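Tertiary structure, described
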Amino acid sequence: MSRAALRLRGKVALITGGNTGIGRTVALAYADEGADVAIAWIAREADAASLVAELEKRSRRALSVRCDVTREADVQALVGAVIERFGRIDVLVNNAGIQKPQALTETSLDDWERMMAVHLRGAFLCCREVAPAMIRQRSGRIIVLTSQLAYLGRPRYTAYSAAKGGLATFTRALAQELAPHGILVNAVAPGLIDTGFDPLPEAAKRAHAASLPLGRLGTPDDLVGAFVFLASDESRYFCGQTLHPNGGEIMP
Ligand code: NDP
């Protein structure tokens with residue numbers, strides 16, 4: 001794409017959980033659209049390092065920070081590092097997440113608390129720490145990863161569904177609060193995306209794919225359009241909305 005046509009030229013994006021899966025694909029897509037990219041991750045350092053190399057190969061500036069999004073001090077240090085390196089933050093993607101399907105009766109209090117913390121506390125802390133910079137800029141985009149399970153729920157996914165349902169409502173409330181500052185908050189609620197995030201057996205995945213109107217599972221590449229759109233000027237009249245790339249499983 002010609003430089004003039006790049007939709008995120010000169011923008012700075014921060015993607016939590018950017019080293020793998022959906023976040024990694026979005027990071028590369030944002031770089032292809034002209035953005036400099038910072039990523040946060042917690043464990044898979046080698047993936048973060050290889051992503052930084054790929055971003056720099058695209059002649060973009062890249063920053064990789066180990067950060068547990070549930071820890072206030074980590075998130076403050078992350079946002080401080082991004083501002084120090086790039087001077088601004090235009091796009092925040094709240095993508096960090098965990099999965100642990102299990103029956104309610106087998107769910108420990110620690111499992112429940114961790115699920116809520118990574119998704120809800122993590123998004124709260126990241127948004128709270130990034131918002132002052134976006135308010136100063138009088139512009140910004142915040143994209144929240146929810147899930148179709150925020151709408152459907154599913155047996156053995158009660159904690160995850162509750163956390164994502166909380167994020168869906170968080171998105172709508174924050175969108176109203178930050179819109180007067182020129183900051184647009186929207187969500188993406190994917191269906192099952194084949195990243196290894198969900199430990200479903202292969203046979204169950206195949207059955208699920210066959211049940212979808214589009215007849216296949218999603219891939220991270222299937223989501224790129226939604227993420228680039230919500231980060232770009234093209235979504236300037238979208239506020240508190242959710243895009244549902246899910247192969248037709250639900251049609252809200
Ligand atoms: P991945 O497992 O590839 O990505 C999860 C990311 O979150 C990893 O980068 C991981 O870092 C990071 N992470 C986990 N815990 C923390 C933490 N405490 N602090 C910072 N980072 C953390 O899965 P996906 O790419 O599939 O999932 C990304 C998001 O998309 C999640 O929010 C998930 O809920 C959502 N989603 C996924 C769907 C799917 O079917 N795959 C469907 C709908 C929504 P590290 O690699 O270092 O461990």
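Scroll up to find the structure this text is about.
All of the points below concern the structure found in this document. (Residues numbered from 1 in each chain as written. Predicted model: local features only at pLDDT ≥ 70, side-chain atom pairs only at ≥ 80, totals over all residues. Heavy atoms only, no water.)

The next point concerns the overall build of the protein chain. Helix and strand content of the protein chain: eight helices and seven strands. Its C-alpha radius of gyration of 17 Å places the protein chain within 12% of the 18 Å reference for a compact globule of 252 residues. For the protein chain, the spread of C-alpha atoms along the principal axes amounts to about 45 × 40 × 40 Å. Counting all 252 residues of the protein chain, 52% fall into the buried class. Restricting the contact set of the protein chain to residue pairs at least 6 apart, pairs at least 24 apart contribute 75%. As presented, the protein chain carries roughly 11600 Å² of accessible surface, and 53% of it is formed by carbon and sulfur atoms. Seen as two clouds, the 29 positive and the 26 negative side-chain charges of the protein chain have centres 4 Å apart. (Helix = DSSP H or I, 4+ residues; strand = E, 2+ residues; numbered from the N terminus. Rg over C-alpha atoms; globule rule 2.2 N^0.38 Å. Buried < 20%, exposed > 50% of the residue type's maximum accessible area, 1.4 Å probe, protein only. Contact = heavy atoms within 4.5 Å. Areas by Shrake-Rupley, 256 points an atom, 1.4 Å probe, with all protein chains shown as cover. Lys, Arg positive; Asp, Glu negative; His and termini not counted. Charge placed at Lys NZ, Arg CZ, Asp CG, Glu CD.)

A complete count under the given rule lists two aromatic pairs for this structure. Seen from their ring centres, tyrosine 160 and phenylalanine 197 are 6.0 Å apart, and the 55 degrees between their planes marks the pair as tilted. Highlighted residues: tyrosine 160 in helix H6 (residues 158-178) and phenylalanine 197 in the loop between strand E6 (183-188) and helix H7 (202-211), separated in sequence by 37 residues. The exposure class of tyrosine 160 is buried, given its relative accessible area of 8%. (Phe/Tyr/Trp six-rings, centres within 6.5 Å; stacked < 30°, edge-to-face > 60°.)

With that out of the way, let us pick up the sheet that holds strand E1 (residues 12-16). Read from one edge of the open sheet, seven strands run E3-E2-E1-E4-E5-E6-E7, paired in parallel fashion. What marks the edges here is a single partner per strand, and that holds for strand E3 (62-66) and strand E7 (242-243). Bridge count for E6 against E7 is two bridges, and the pairing is parallel. By the bridge assignment, alanine 187 is partnered in E7 with threonine 242. (Pairing = 2+ DSSP bridges.)

This brings us to the site of the ligand. With respect to spatial proximity, 30 residues lie near the ligand, and among them Asn19, Ala43, Arg44, Tyr160 and Thr195 are the closest. Aspartate 68 places a side-chain nitrogen or oxygen 2.9 Å from a nitrogen atom of the ligand. A distance of 3.2 Å separates an oxygen atom of the ligand from a polar backbone atom of glycine 97. Secondary structure elements with two or more residues in the shell around the ligand: helix H1 (21-32), helix H4 (109-137) and H6. Across the shell around the ligand, the residue classes break down as 15 nonpolar, 11 polar and four charged. (Near = heavy atom within 4 Å. Polar contact = N/O pair within 3.5 Å; in protein donor to acceptor, adjacent residues only side chain to side chain. Nonpolar A, V, L, I, M, F, W, Y, C, P; charged D, E, K, R; others polar.)

In this section: the side chain of glutamine 148. Its location among the elements puts glutamine 148 in the loop between strand E5 (140-145) and helix H5 (149-152). Discounting residues that sit within four places of it in the chain, glutamine 148 has contacts with Arg154, Ala189, Pro190, Gly191, Leu192, His208, Asn246, Glu249 and Ile250.

All right, on to the pairing of E5 then. The element E5 is extensively covered by neighbouring structure, given that six of its six residues are classed as buried. Going residue by residue along E5, you find Gly140, Ile142 and Val144 tucked away on one face and Arg141, Ile143 and Leu145 tucked away on the opposite face as well. As defined by bridge partners, strand E4 (residues 91-94) adjoins E5 across four bridges and the pair is classed as parallel. The partner of valine 91 across the bridge, within E5, is arginine 141. This β-α-β element, E4 to H4 to E5, shows right-handed connectivity. In the sheet, E5 pairs with E6 via six bridges, with the strands oriented parallel. Looking at E6, one finds that arginine 141 is bridged to leucine 184. (Right-handed = clockwise from strand over helix to strand, strands pointing away.)

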